[in-house]
Amino acid sequence: MTSSIDLKASDIASVARKTVLEMSFRARTSHIGSSLSCIDLLSAMYLRQFESHELGLGNLVIVSKGHAASAVYSVLNALGKISNQDIEDYCTDGAVLGGHVTFNHEYGIPLSTGSLGHALSFGVGIAYAKRLRNESGTVYVLGSDGECDSGAIWEAAMLAAHLELDNLMFVIDRNGLQSMKRTEETLKLEPLANKWKAFNWHVIEIQGHLHSEISEALDFKLSQPIVVIANTIKGFGISFMENSIEWHYRSPNKEEYLNGISELG
Amino acid sequence: MLLTGDLGWKVLDSFENNYPESYLNVGVAEQNMIGVAAGLAYKDFKPFVYSIGNFPSFRCLEQIRNDVSQHKLDVNIVSVGSGFSYGTLGYSHHAIEDIAALRCLPNIEIFCPAVPKQMNWVFEKLINSRNPSYTKIPKDSELVIPDQSVHQHHDGIFQYRSGTQIALITTGPILKNVIDAAEVLGSIGYDISVYSFAQIKPFPDISMLHRYSRIVSIEEHTTYGGFGSSLLEAMSNYRIYSPTLVLGTNPSLNNMVGSENYLRKSHHLDPESIVRKITEWLAK
């Protein structure tokens, strides 16, 4: 039986997918494939951030994969946090919401990102601070698989494990593609799970579009940091965008936009 | 909080022992160190980030730029071993370009105290400010300038000699060589003031330099974009048009190793060379 949070996450994701398509079409921006692969993950993560606030707990989402900005904003919009006007103004002159995740205190976005490999360190700092203050809650950091090319990720990974940060979770959007080719043709990540285990993280591998699996992973607790390797599809939800490098860069034209909208229902 | 990148042997021991909850060695990982410091500052801690030479600047410059500077987080970077303090250890450890690299980043305040008295002033500023900062300090605090010779102006400007004709303006521990050079210049008839700036950014009000007919800037740092460059920019803003000589390190000598004094001499930053450069320039 699907839990209520999973239903909610799934609904949020459905709405957000359409918004991402609209934003990409209207603003003629890149990275739609990257955004579509992590909408299900972000929906579940942000639900936990905002519901935890209401309960006086302190879950926090930080997005290291900054180029998935449209996914972040769409999910926050579907949750009623970001205004429709700001969504419409995305990437226009003087916009509050930029093409990479843009810091916004009111919208619950703690850090501007855009250069890969930064936010896991930031998350380590916050998780450590929360522990020093005996604060509850989990710090969720969303990253990409390509981002694991970056040394800074592994610096953060080592410290998190050394400090036994049990309130930190790194969720990897493993869509298998990066800028030029597949990850395995660029800089072999596999065996990725083994790498994280070797760094003393607990590894959970999931299907990144299945909300029951996402929930189970996000709610898992241990006495060490946890990495969730979420197997996803770049461009998920729009058939002609799936598994394509091209849709890392392109924005849809009018016909593609209409086809996408009809596919998303 | 005090973070270190695996440096500070025998220096940080008492802090670690007395305040273990406030101390964290992140290992040889400066990029991560800055990111972690940013996260701590986001949670309203006030992290000091300790390392030496170029490690807490060049190694993690993007983290300083994107995470700290952009978000105006209260991260306070301290780099020990300014200039040629670690001279024998080679170019990797010569901190002679860090001011230039950091000066262009928004929101970061930059300090370069020469002596403990200046460091005390800087520390008060750091404690009372919520802005990100970068402070470079000498390795040894052996440099002692008699306190009675100091007149303290606004914004970390310390005056060590009072004259009316030529102002020698410097930052950091090269101050000793500047004071010695000023002595020699004074003895051959020049009327010299010596100022040491403990604060480089925001660059202080320098209206008082209007009275000088000639100005010389001396830094143990490249002249490309460093202290002298800041001074020239400020002089333009304050409409001070006195002819100005900028002395600093010589980039073509970056393969040299040796003691601090040897390297300073090689870069013409010893007192005799400073005197010679100034007198030759004045004669033109």
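Heads up: the structure comes first, above all this text.
A short tour of the structure in this document, coming up. Just so we're clear, the structure is a prediction, and the values are computed from it rather than from any experiment.

## Description of the overall build of chain B
At step 1: In terms of helices and strands, chain B carries nine helices and 13 strands.
At step 2: The C-alpha atoms of chain B give 19 Å as radius of gyration, which agrees with the globular expectation for 284 residues (19 Å, within 12%).
At step 3: Along the three orthogonal principal directions, the C-alpha set of chain B runs to about 55 × 40 × 35 Å.
At step 4: With 284 residues in all, chain B has 58% of them scored as buried.
At step 5: Restricting the contact set of chain B to residue pairs at least 6 apart, pairs at least 24 apart contribute 75%.
At step 6: Counting only carbon and sulfur atoms, one obtains 50% of the accessible surface of chain B, whose full area is about 11,900 Å².
At step 7: Between the centroid of the 23 positive side chains of chain B and the centroid of its 28 negative side chains there is a distance of 6 Å.

## Digging into the interface of chain B and chain A
At step 1: With 26 residues of chain B in contact, the opposing surface of chain A contributes 23 residues.
At step 2: At the boundary of chain B with chain A, total buried surface from both sides reaches about 2,000 Å², with 61% on carbon and sulfur atoms.
At step 3: Of all residues in chain B, B:Asn32, B:Tyr42 and B:Lys43 give up the largest surface area on contact with chain A, accounting jointly for 29% of the area buried on that side.
At step 4: At the boundary of chain B and chain A, one finds one salt bridge.
At step 5: Residues A:Glu135 and B:Lys43 are paired through a salt bridge, measuring 2.7 Å at the closest nitrogen-oxygen approach.
At step 6: Joining chain B to chain A, the criterion identifies eight residue pairs in polar contact (both at pLDDT 80 or more).
At step 7: Listing elements by their share of the side of chain B that touches chain A, those giving two or more residues are strand S2 (23-25), helix H2 (30-42) and helix H3 (61-69) of chain B.
At step 8: Take the side of chain B that touches chain A: its biggest share by element is nine residues, from H2(B).
At step 9: Of the residues that constitute the side of chain B that touches chain A, the class distribution is eleven nonpolar, nine polar and six charged.

## Remarks on the sheet that holds strand S7 (residues 151-152) of chain B
All names here are of chain B.
At step 1: Pairing within the open sheet is mixed, and its six strands lie in the order S7-S8-S10-S9-S12-S13. Only two strands of the sheet have a single partner each, and these edge strands are S7 and strand S13 (244-249).
At step 2: In this sheet, strand S8 (residues 157-161) lies alongside S7 in antiparallel orientation, the contact comprising two bridges. When the sheet's bridge partners are listed, His 151 is paired in S8 with Gln 159.
At step 3: Sheet contacts for helix H5 (residues 116-128): S7, S8 and strand S10 (192-197); angle to S8, the most-contacted strand, approximately 165 degrees.

## Points about the state of the cysteines
At step 1: Taken as a whole and assessed by the stated rule, the structure comprises zero disulfides over all chains.
At step 2: Cysteine A:Cys148 remains unbridged, with the sulfur of A:Cys38 as its closest cysteine sulfur at 14 Å.

## Side note on the nonpolar core
At step 1: In this structure, A:Leu168, A:Phe170, A:Trp196, A:Trp201 and B:Leu209 are the most contacted members of the largest nonpolar core, which totals 76 residues.
At step 2: The dominant element in this core, judged by the number of residues it contributes, is helix H6 (residues 119-132) of chain A, at eight residues.
At step 3: With sequence-adjacent residues up to four places away left out, A:Trp201 is seen in contact with A:Leu120, A:Ala157, A:Ala160, A:Ala161, A:Leu168, A:Phe170, A:Trp196, A:Gln224, A:Pro225, A:Ile226 and A:Val227.
At step 4: Formed by 52 residues, the second largest nonpolar core is a distinct cluster that contains A:Phe50, A:Leu97, A:Val171 and A:Ile238.

## Quick word on the sheet that holds strand S5 (residues 109-111) of chain B
Residue and element names in this part refer to chain B.
At step 1: Pairing is mixed across the open sheet formed by seven strands, whose spatial order is S2-S1-S3-S4-S6-S5-S11. The open sheet is flanked by S2 and strand S11 (199-201), the only strands paired with a single partner. Strand-to-strand twist across the sheet, computed as the mean angle between neighbouring axes with direction ignored, equals 20 degrees.
At step 2: Bridge count between S5 and S11: two bridges; the pairing is antiparallel.

## Concerning the pairing of strand S3 (residues 48-52) of chain B
When a strand is regular, its side chains alternate between the sheet's two faces.
All names here are of chain B.
At step 1: Summarising burial for S3: five of the five residues are buried, a large majority.
At step 2: Pairing analysis gives five bridges linking S3 to strand S4 (residues 76-80), with the strands arranged parallel. When the bridges of S4 are listed, Val 49 appears paired with Ile 77.
At step 3: Crossover connection from S3 via H3 to parallel S4: handedness right-handed.

## Here's the deal with the side chain of A:Thr138
Residue and element names in this part refer to chain A.
At step 1: Within the secondary structure, Thr 138 sits in the loop between H6 and strand S2 (139-144).
At step 2: In this structure Thr 138 comes out as buried when scored by relative accessible area, which is 9%.
At step 3: When sequence neighbours within four positions are dropped, the list of residues in contact with Thr 138 reads Gly 58, Asn 59, Leu 60, Asn 167, Met 169 and Lys 221.

## Re the environment of B:Ile52
All names here are of chain B.
At step 1: Here Ile 52 is to be found in strand S3.
At step 2: For Ile 52, a relative accessible area of 9% puts it in the buried group.
At step 3: Separated by 160 residues in the primary sequence, Ile 52 and Tyr 212 have C-alpha atoms spaced 37 Å apart.
At step 4: Beyond its immediate chain neighbours, meaning those up to four positions away, Ile 52 contacts Leu 7, Ser 79, Val 80, Tyr 86 and His 93.

## Quick look at unusual backbone geometry
Glycine aside, residues mostly have negative phi, and peptide bonds are mostly found in the trans state.
At step 1: With omega at 0 degrees, the peptide bond leading from A:Glu190 into A:Pro191 counts as cis.
At step 2: Here A:Pro191 shows up in the loop between helix H8 (183-186) and helix H9 (192-198).
At step 3: Here the residue pair B:Lys201 and B:Pro202 is connected by a cis peptide bond, since its omega of 0 degrees sits within 30 degrees of zero.
At step 4: You will see that B:Asp6, though not glycine, has its phi angle at about 60 degrees, which is positive.
At step 5: You can see B:Asp6 is positioned in the loop between strand S1 (2-4) and helix H1 (13-18).
At step 6: Of note, B:Asn107 is a non-glycine position whose phi angle comes to about 75 degrees, a positive value.

## Quick word on the packing of helix H3 (residues 39-54) of chain A against helix H4 (residues 69-78) of chain A
All names here are of chain A.
At step 1: Here H3 crosses H4 at 50 degrees, and the two axes come no closer than 10 Å. Taken together, H3 and H4 sit at an angle that is classed as oblique. Note on packing geometry: the crossing formed by H3 with H4 is right-handed. Residue-level contacts link Ile 39, Leu 42, Ser 43, Tyr 46 and Phe 50 of H3 to Ala 71, Val 72, Val 75 and Leu 76 of H4.

Basis of the calculations
Residues numbered from 1 in each chain as written. Chains lettered and ligands numbered in written order. Predicted model: local features only at pLDDT ≥ 70, side-chain atom pairs only at ≥ 80, totals over all residues. Heavy atoms only, no water. Helix = DSSP H or I, 4+ residues; strand = E, 2+ residues; numbered from the N terminus. Rg over C-alpha atoms; globule rule 2.2 N^0.38 Å. Buried < 20%, exposed > 50% of the residue type's maximum accessible area, 1.4 Å probe, protein only. Contact = heavy atoms within 4.5 Å. Areas by Shrake-Rupley, 256 points an atom, 1.4 Å probe, with all protein chains shown as cover. Lys, Arg positive; Asp, Glu negative; His and termini not counted. Charge placed at Lys NZ, Arg CZ, Asp CG, Glu CD. Buried area = accessible area lost by both parts, 1.4 Å probe. Salt bridge = Lys/Arg side-chain N within 4 Å of Asp/Glu carboxyl O. Polar contact = N/O pair within 3.5 Å; in protein donor to acceptor, adjacent residues only side chain to side chain. Nonpolar A, V, L, I, M, F, W, Y, C, P; charged D, E, K, R; others polar. Pairing = 2+ DSSP bridges. Axes fitted to C-alpha atoms, helices over the stretch in contact; angles between N-to-C directions. Disulfide = S-S within 2.5 Å. Core = buried A, V, L, I, M, F, W, Y, C linked by side-chain atoms within 4.5 Å. Right-handed = clockwise from strand over helix to strand, strands pointing away. Parallel < 35°, antiparallel > 145°, perpendicular 65-115°, else oblique. Left-handed = near helix turned anticlockwise from the far one by under 90°.

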